[in-house]
Amino acid sequence: MEWDWEFARSILPTLLQGFRITLLATFLGAIVAAVLGLVLAILRRSPNRWLARITGFVVEFIRGTPLLVQLYFIFYVLPDIGISLPALTAGVIGMGLHYATYAAEVYRGGIEAVPRGQWEAARATNLTTRQTWTHVVLPQAVPPMIPAMANYLLAMFKETPLLSAITVVELMNQAKSVANSSYRYVEPMTLVGVMFLIVSVISVIALRWLERRFGRIPRQ
């Protein structure tokens, strides 16, 4: 099948609508992952042994199951118990929860890398727990985490096509809709690949800069 430039130009606005949904889902999912990941990391360090163990089990369970299964559970199973969510909301929660477990391990590694002397110095100066975290621990722990967190953000972006399985009209879903209605697959799928490639290349360049700026952290 030959490439049709006119057809490609005609479907571009439709694909860009899906592309905006893809970027929105990635952005919101990243916020959920960053916030919830920090909560999980702190809970895993809880002096309450049972709380720490339960949190650890939850983290490992979510990491050990496919994201697609989690998306199906949130969108298709939860309504059976009275919890119905819009497709995009379910997708954001699913991706955010999934990647929060990976972010939690990055946070945990960064927190444990803070020298014990810093904790002791905070106690010696009578800082509260909140002050210790906000003024001593996190300012030292977060910067080295940034490259790894950016890496997970890119991974999340590349997994957004899974959202089409729960009817989110993101980029891949728009492309499939165009292809099915026109019986032309070359142009929409190629344009999708190009859009993902452009964002990925820009992200990789930014990631390399972050690694040089803040240092590399091994993937957990």
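Just so you know, the residues in each chain are numbered from 1, in the order the chain's sequence is written. Per-residue local features of the predicted model are confined to residues with pLDDT of at least 70, and side-chain atom pairs are confined, for both listing and counting, to 80 or more; whole-chain, interface and lining totals are unaffected and use all residues. The side-chain numbers reported here are obtained from all heavy atoms of the structure, hydrogens and water having been left aside.

## Focus: the pattern of salt bridges
1) Next: A carboxyl oxygen of Asp or Glu within 4 Å of a side-chain nitrogen of Lys or Arg is what we treat as a salt bridge. Under the criterion given, the structure shown has 7 salt bridges.
2) Next: A salt bridge links Glu 60 to Arg 44; the nearest nitrogen and oxygen atoms lie 3.9 Å apart. Taken together, the residues Glu 60 in helix α2 (residues 49-63) and Arg 44 in helix α1 (residues 5-44) connect sequence positions 16 residues apart.
3) Next: Using a relative accessible area of 42% as the deciding quantity, one classes Glu 60 as partly exposed.
4) Next: Between Glu 187 and Arg 184 there is a salt bridge, and its shortest N-O distance comes to 2.5 Å. The numbering of helices and of strands both runs from the N terminus, where a helix is a DSSP run of H or I of at least 4 residues and a strand a run of E of at least 2. For the exposure calls, accessible area comes from a 1.4 Å probe over protein chains only, and a residue counts as buried if that area is under 20% of its type's maximum, exposed if over 50%, partly exposed in between.

## Some details on the confidence of the model for the protein
1) Next: What pLDDT expresses is the predictor's confidence in each residue, scored from 0 to 100. For the protein, the average pLDDT comes to 88, and 96% of its residues sit at 70 or higher.
2) Next: Mean pLDDT across the secondary structure elements of the protein bottoms out at helix α5 (residues 116-124), with 81, and peaks at helix α3 (residues 67-77), with 95.

## With respect to the packing of aromatic side chains
1) Next: Side-chain rings of Phe, Tyr and Trp, where Trp is taken by its six-membered ring, are said to pair if the distance between their centres is within 6.5 Å; with planes under 30 degrees apart they count as stacked, over 60 as edge-to-face, and otherwise as tilted. Counted under the stated rule, the structure contains 8 aromatic pairs.
2) Next: Measuring from centroid to centroid gives 5.6 Å for Tyr 102 and Tyr 152, while their planes differ by 40°, and the two rings are tilted. Placement of Tyr 102 in helix α4 (residues 87-112) and of Tyr 152 in helix α6 (residues 129-158) is noted, with a sequence separation of 50 residues between them. Just as Tyr 102 is buried, Tyr 152 falls in that class too.
3) Next: Ring pairs connect the aromatic residues Tyr 72, Phe 75 and Tyr 76, which therefore count as one cluster.
4) Next: In our convention, an over-ring charge means Lys NZ or Arg CZ found within 6 Å of a ring centre and within 35 degrees of that ring's normal. The ring of Trp 50 has Arg 53 sitting right over it, with the charged end atom 5.8 Å from the ring centre.

## Quick word on α2
1) Next: Here, expected helix span is obtained from the residue count minus one, scaled by 1.5 Å. Taking 1.5 Å of rise per residue, the 15 residues of α2 would be expected to cover 21 Å, and the 21 Å separating its terminal C-alpha atoms lies within 8% of that figure.
2) Next: Among the residues making up α2, those that are buried are Ala 52, Thr 55, Gly 56, Val 59 and Ile 62. Burial along α2 is one-sided: seen end-on, the buried residues are contained in an arc of 135°. In this structure, α2 carries Arg 49, Trp 50, Arg 53, Ile 54, Phe 57 and Phe 61 as exposed residues pointing more than 90 degrees from its buried face.
3) Next: Contacts: residue pairs with any heavy atoms within 4.5 Å of one another. Residues of α2 that are buried sit in contact with α1, α3 and α4.
4) Next: Between a side-chain oxygen at the N-terminus of α2 and the backbone nitrogen of Trp 50 the separation is 3.1 Å; the capping residue is Asn 48. Taken from the helix axis, the directions to the C-beta atoms give the arc we talk about. Side-chain atoms alone can form a polar contact between residues adjacent in sequence; in general such a contact is a pair of N or O atoms within 3.5 Å, and within protein one must be able to donate a hydrogen while the other accepts it.

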